[in-house]
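Single-letter residue listing:
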Amino acid sequence: MVYVFLALSFVLSGLTGWLSGWFSSWNALWQLPLTFAGIFLGFVILFLLLLFVSTRFVDPKKLLEKPSRYFRFMLNQFCRLAFFLGGVHVHVTGLEKLPHDHRFLLVSNHLFAFDPLIYYYAIPHDELAFISKKENFSLFMVAEIMRELLCLPIDRENARNALTTINAAANLIRAHVCSFAIYPEGTRSKSSKLLPWHAGSLKIAQKAGVPIVVGTVEGTERIARNVPWRRSHVYVRIREVIPAEAVKAATTSALTEDICGKMRAALGK
């Protein structure tokens, strides 16, 4: 959609310049880039307005049987627009390792509040839902989009509620409704170092009988201080896929120790 907006802005600004006679005078050509920028900004505002209006029709009490394709498309396009305007360049490697033919549990390190957007950008076609802290489900617009994508809230301070979320995620994966992603650290790392994991989060894969996809992100913690002055380079790497058989045969503590060890070695931290 970014390229569509750019193309339409180029055509419409050129048409405006031609009808206004700007091409006949060098002194008038300065209006073309301003017109182009204004039209592009108008398209962005219209898109955001459409997204806002769409979220107003979301019923928070309605139980969904499958994730919304419409909101997934809108979120993917939002990510593209946001990264384009923010100068964020996402480098993705290892996508060929993903088990596209069946569901999985994605685990990753967590550096920045908007890390999930990075993964939605990097993995747009695998119907990924996130398990997120319950506070995020009260955020304006964010809550509605997360519900439409079947994201689930988790209360790490309440073991019973956390287990309910884990079971719900496992059931959705087992029913082939969607794949799930979780940050086993439980919170973002402000030092960029891997924090201790909540091993219980890996029970989702064990209960659902699916592989664990190990991913890492690097560079997202620099986005906030780079925008809008410098370009940010973010690296998403799918490190490995642990087969379902190996996941089921191991204990959560053994899986945690193995994955964390490899992740720390890969990140060099």
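Notes on the structure in this doc start here. (Residues numbered from 1 in each chain as written. Predicted model: local features only at pLDDT ≥ 70, side-chain atom pairs only at ≥ 80, totals over all residues. Heavy atoms only, no water.)

**Digging into the packing of helix α2 (residues 31-55) against helix α3 (residues 69-86)**
In the contact formed by α2 and α3, the axes pass within 11 Å of each other and the chain directions differ by 145°. Along this stretch, α2 crosses α3, giving a crossing that reads as left-handed. Counted together, F40, V44, F47, L48, L50, L51, S54 and T55 of α2 and Y70, F71, M74, Q77, F78, L81, F84 and L85 of α3 form the full contact between these two elements. (Axes fitted to C-alpha atoms, helices over the stretch in contact; angles between N-to-C directions. Helix = DSSP H or I, 4+ residues; strand = E, 2+ residues; numbered from the N terminus. Left-handed = near helix turned anticlockwise from the far one by under 90°. Contact = heavy atoms within 4.5 Å.)

**Section: helix α6 (residues 159-174)**
Under the 1.5 Å per step criterion, the end-to-end length of α6 is 22 Å for 16 residues, consistent within 8% with the ideal 22 Å. Along α6, the positions that sit buried rather than exposed are A162, T165, I166, A169, A170, L172 and I173. Along the axis of α6, the buried residues cluster in a sector spanning 165°; they form a single face. Each element contacted by the buried residues of α6 is listed here: β3 (128-133), β4 (152-154), β5 (179-182) and α7 (203-208). Phi for H176, located one or two positions after α6, is positive at around 60°. (Expected span 1.5 Å × (residues − 1). Buried < 20%, exposed > 50% of the residue type's maximum accessible area, 1.4 Å probe, protein only. Arc of directions from axis to C-beta.)

**Here's the deal with the environment of G215**
Along the chain, the position of G215 falls in strand β6 (residues 212-218). Expressed as a C-alpha distance, the spacing of G215 and Y70, which sit 145 residues apart in the sequence, is 26 Å. Aside from chain neighbours lying at most four places away, what touches G215 is L106, V107, S108, N109, Y119, R237, I238, R239 and M263.

Keep in mind these numbers describe shape, not what the thing actually does.
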